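The primary structure of each chain is shown beneath.
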Amino acid sequence: MTKSQITKLELKSCRDGFGEALLELGKNNKSVVVVSADLAESLRLLDFAKKYPQRFIEVGVAEQNMAGVGAGLALEGLIPFICSFAVFSPGRNWEQIRVSVCYNHANVKIVSSHAGLNVGEDGATHQALEDIALMRVLPNMTVIAPCDYEETKKAVLAAAKIKGPVYIRFGREKIPVISGKPKFQIGRADILRQGKEATIIACGPMVSEALIAAEELAKQKISAEVINCHTIKPIDQTTIIKSAKKTKKVITIEEHQVNGGLGSAVAEVLSQNYPVPIKIIGMPDKFGESGTAKQLLNKYNLTAKRIVNGLKKF
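The following paragraphs examine the structure supplied in this document. Treat the numbers as computed from the prediction; the structure is a model and nothing was measured.

All chains considered together, the criterion is met by 3 aromatic pairs. Aromatic pair Phe48 and Tyr52: ring centres 5.2 Å apart, planes at 50°, arrangement tilted. Each member of the pair Phe48 and Tyr52 is classed as buried. Where Phe85 meets Phe88, the ring centres are 6.2 Å apart and the plane angle is 15°; that geometry is what we call stacked. Given a relative accessible area of 9%, Phe85 falls into the buried group. Sitting over the ring of Tyr52, Arg55 keeps its end group 4.5 Å from the ring centre.

So, on to the sheet that holds strand β10 (residues 198-202). Pairing in this open sheet of 5 strands is mixed, and the strands run β9-β11-β10-β13-β14 from one edge to the other. The open sheet has two edge strands with one neighbour each: β9 (190-193) and β14 (278-283). On average, adjacent strands in this sheet sit at an angle of 25° to one another, irrespective of strand direction. Note: β10 against strand β11 (residues 224-228), 5 bridges, orientation parallel. The residue of β11 that forms the bridge with Ala202 is Asn228.

Turning to empty space enclosed by the protein, a few remarks are in order. Within the structure shown, the criterion is met by 2 cavities of 30 Å³ or more. Each pocket or cavity is described by its volume, and for the largest cavity that value is around 40 Å³. In terms of lining residues, the largest cavity is bounded by Ala115, Asn118, Ala145, Pro146, Arg169, Phe170, Gly171, Gly204, Pro205 and Glu255. Looking at the lining of the largest cavity, its residues break down into 5 nonpolar, 3 polar and 2 charged. Of the pockets and cavities examined, the second largest cavity occupies roughly 30 Å³. Lining of the second largest cavity is provided by Cys14, Asn118, Gly171, Glu173, Ile175 and Pro205. When grouped by side-chain class, the residues that make up the lining of the second largest cavity number 3 nonpolar, 2 polar and 1 charged.

Right, let's talk about the layout of surface pockets for a bit. Roughly 560 Å³ of volume is contained in the largest pocket. In this structure, the largest pocket is lined by 20 residues; those nearest its centre are Pro176, Ser208, Glu209, Lys294 and Leu297. For the lining of the largest pocket, the secondary structure elements donating two or more residues are β1 (6-13), β8 (174-178), α7 (206-219) and α10 (293-299). Along the lines of polarity and charge, the residues of the lining of the largest pocket split into 10 nonpolar, 4 polar and 6 charged.

With that settled, consider the nonpolar core. The biggest cluster of nonpolar side chains holds 78 residues, and the ones touching the most others in it are Phe18, Leu45, Phe81, Ile97, Met141 and Ile168. With 6 residues, the top contributor of residues to this core is helix α6 (residues 149-161). Contacts of Met141, omitting those with residues within four sequence positions, involve Ile97, Cys102, Ile110, Met135, Pro165, Val166, Tyr167 and Lys233. If you look at the next biggest cluster of nonpolar residues, it comprises 29 residues, including Cys147, Leu192, Ile251 and Met283.

Among the 8 residues of strand β13 (residues 250-257), 8 are classified as buried, and the element is accordingly described as predominantly covered. Across 4 bridges, the pairing between β10 and β13 is parallel. Considered in β13, the bridge of Ile200 is made with Ile251. Pairing analysis gives 5 bridges linking β13 to β14, with the strands arranged parallel. In the sheet register, Val250 faces β14, and the bridge partner there is Ile278.

For the pair helix α1 (residues 14-28) and α6, the least separation of the axes is 7 Å and the interaxial angle reads 35°. Here α1 runs over α6; the crossing is right-handed. Contacts from Cys14, Asp16, Gly17, Phe18, Glu20, Ala21, Glu24 and Leu25 in α1 reach Tyr149, Thr152, Lys153, Val156, Leu157 and Ala160 in α6. Partitioned by chemical class, the residues of the contact of α1 with α6 number 8 nonpolar, 2 polar and 4 charged.

This paragraph deals with α6. A rise of 1.5 Å per residue sets the reference length of α6, with its 13 residues, at 18 Å; its end C-alpha atoms lie 19 Å apart and thus fit the reference within 8%. When we look at burial in α6, the residues that qualify are Tyr149, Glu151, Thr152, Ala155, Val156, Leu157, Ala158, Ala159 and Ala160. Where α6 begins, the side chain of Asp148 points an oxygen toward the backbone nitrogen of Glu150, at a separation of 3.3 Å.

Rules and cut-offs
Residues numbered from 1 in each chain as written. Predicted model: local features only at pLDDT ≥ 70, side-chain atom pairs only at ≥ 80, totals over all residues. Heavy atoms only, no water. Phe/Tyr/Trp six-rings, centres within 6.5 Å; stacked < 30°, edge-to-face > 60°. Buried < 20%, exposed > 50% of the residue type's maximum accessible area, 1.4 Å probe, protein only. Lys NZ or Arg CZ within 6 Å of the ring centre and 35° of its normal. Pairing = 2+ DSSP bridges. Helix = DSSP H or I, 4+ residues; strand = E, 2+ residues; numbered from the N terminus. Axes fitted to C-alpha atoms, helices over the stretch in contact; angles between N-to-C directions. 1 Å grid on protein atoms, 1.4 Å probe; cavity = no way out; pocket = protein on both sides within 12 Å on 5 of 7 lines; lining within 4 Å. Points joined across faces, edges and corners; volume = space filled by probe spheres on them. Nonpolar A, V, L, I, M, F, W, Y, C, P; charged D, E, K, R; others polar. Core = buried A, V, L, I, M, F, W, Y, C linked by side-chain atoms within 4.5 Å. Contact = heavy atoms within 4.5 Å. Left-handed = near helix turned anticlockwise from the far one by under 90°. Expected span 1.5 Å × (residues − 1). Polar contact = N/O pair within 3.5 Å; in protein donor to acceptor, adjacent residues only side chain to side chain.

Keep in mind these values describe shape, not function.
See below:
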């Protein structure tokens, strides 16, 4: 598969995929309930609220209460989707998610938008770069970072079918739609491009950057395998180890801190099963700042160019 997988003229927001998935769930499953923390418009919840008002709950700016309400609904047999920005949920209500949701193995789906640097001008206070670490450490929690609009929709539909807490994170900006993806399955990493000399593992909007990097590396006679690791927990150890055995070099990239995220999860797998040289690309233990999404991604080297340079140094 090549760079042509990225439909550059088709940029879509993951938020739109989420909103469409909710409408589909609302139609097909009367147990689905949506709980909002005063961000219904931003998270594309308004259409669901209008069509299914009896299954839409607005708690206001009260993320801790939202998690408790979600846990209560789940323990009564419903399937609540609790929705906010990632910096607020799980940023503000982590204790309630830990105790009320995860400890009780409550069937709550936590969906958070505006994750990563692409919140842009809102600045460091609103750029959630720690949420994967916060959520993957919790027992019983599934953690998903879909790579585009289509995968977000599929992830939401899949999350509603499994029992237990699920966390789904995505950004604000429109990003490229990637064609030719395998059928989405929670817990399975997808090989988007076969390679022999290095493995690039990415999640979220960095998957498209990984594909661009692989195409550039191919021009330089370097064969790179690209893995979309959309499910960070439970992580697909089999696919990661098999690829590492083939290429002997691994580089990861994510729109998240280098500590505790996708790269850390991959390093945990390989260090215990098949140690190889690994390079983790992400936010370098810093807070972000105000600027456009493009400016920030370039400043902090979360780009295809950084992947290419990182692999060439191996």
